[in-house]
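Close look at the chain arrangement
Each chain, letter by letter, is given below.
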Amino acid sequence: MLRGLDQVQRNLDKWYSDGILKRAAEVMAEIAAMLEGYAKSHHDYQDQTANTTNSTRGFIAEATPKVITTVLTAGMAYDVFLELARNGKWAWIWPAVEENLDEIKAKLQSITQ
């Protein structure tokens, strides 16, 4: 008879929930903040009212044991036109992700290290 299996399972569950899941949520929050800061400071449009810059946010929208959803968004109704008009001439949301892909990958890889 195998003894202690329940204790091992509880310890593994605790390590998973307190360790890797917690670290993953922390890293995703770091990524969200990094993308928000980059998007707010790297754009070609003229933000005359500062509404677009002030409404640009990076945050964790959902966190479950299987998926952590991080969002980079802007809150003005016209922002979709900035992002998509004229073949993305004034886009800043997706370019923020593209320009930071290496840093995002490095942060994600650090979760299990």
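Here is a short report on the structure shown in this document. (Residues numbered from 1 in each chain as written. Predicted model: local features only at pLDDT ≥ 70, side-chain atom pairs only at ≥ 80, totals over all residues. Heavy atoms only, no water.)

1. A few points about a nonpolar patch on the surface
A cluster of nonpolar residues, Tyr78, Val80, Phe81 and Leu84, forms a patch on the protein surface that exposes about 430 Å² of accessible area. With respect to the secondary-structure elements, Leu84 resides in helix α3 (residues 79-88). For Leu84, a relative accessible area of 60% translates into the label exposed. (Patch = residues over 30% accessible without salt bridge, like charges linked within 9 Å, V, L, I, M, F, W, Y side chains within 5 Å. Areas by Shrake-Rupley, 256 points an atom, 1.4 Å probe, with all protein chains shown as cover. Salt bridge = Lys/Arg side-chain N within 4 Å of Asp/Glu carboxyl O. Helix = DSSP H or I, 4+ residues; strand = E, 2+ residues; numbered from the N terminus. Buried < 20%, exposed > 50% of the residue type's maximum accessible area, 1.4 Å probe, protein only.)

2. A few points about the nonpolar core
A general tendency of soluble globular proteins is for nonpolar side chains to be buried together. Residues Ile31, Leu35, Leu72, Trp92 and Ile104 are the most contacted members of the largest nonpolar core, which totals 19 residues. Of all the elements in the fold, those that place two or more residues in this core are α1 (5-41), β2 (68-73) and α4 (93-99). Element by element, the count of residues in this core is highest for α1, at 8 residues. If we skip the residues at most four places from it in the chain, Trp92 touches Ala39, His42, His43, Tyr45, Thr52, Thr56, Ala74, Asp79, Leu82 and Glu83. (Core = buried A, V, L, I, M, F, W, Y, C linked by side-chain atoms within 4.5 Å. Contact = heavy atoms within 4.5 Å.)

3. Considering the environment of Thr112
Mapped onto the secondary structure, Thr112 falls in the segment after α5 (101-109). Owing to a relative accessible area of 62%, Thr112 belongs among the exposed residues under this scheme. For the pair formed by Thr112 and Leu82, sequence separation is 30 residues and the distance between their alpha carbons is 37 Å.

4. Focus: the environment of Ala74
Of note, Ala74 is situated in the loop between β2 and α3. Put simply, Ala74 and Val27 are 47 residues apart on the chain and 21 Å apart in space, counted from C-alpha to C-alpha. Setting aside residues up to four positions removed in sequence, Ala74 forms contacts with Ser55, Thr56, Asp79, Trp92 and Ile93.

5. Focus on unusual backbone geometry
With phi around 70°, Ala50 is a residue other than glycine that occupies positive phi space. Overall, the relative accessible area of 27% leaves Ala50 in the partly exposed class.

6. Topic: the pairing of β2
A regular strand places its side chains so that they alternate between the two faces of the sheet. Pairing of strand β1 (residues 57-63) with β2 involves 6 bridges; the strand directions are antiparallel. Directly across from Ile60, in β2, lies its bridge partner Thr70. Hairpin connection of β1 to β2: 4 residues between the antiparallel strands. (Pairing = 2+ DSSP bridges.)

7. Concerning the side chain of Lys107
Note that Lys107 resides in helix α5. With relative accessibility at 17%, the residue Lys107 sits in the buried group. Leave out the neighbours within four places in its chain, and Lys107 touches Val27, Glu30, Ile31 and Met34.

8. A few points about α3
All of the buried residues along α3 are Asp79, Leu82 and Glu83. Along the long axis of α3, the arc covered by the buried residues comes to 95°, so they all point the same way. For α3, exposure combined with an orientation more than 90 degrees from the buried face picks out Phe81, Leu84 and Arg86. Buried positions along α3 lie against α2 (51-55) and α4. (Arc of directions from axis to C-beta.)

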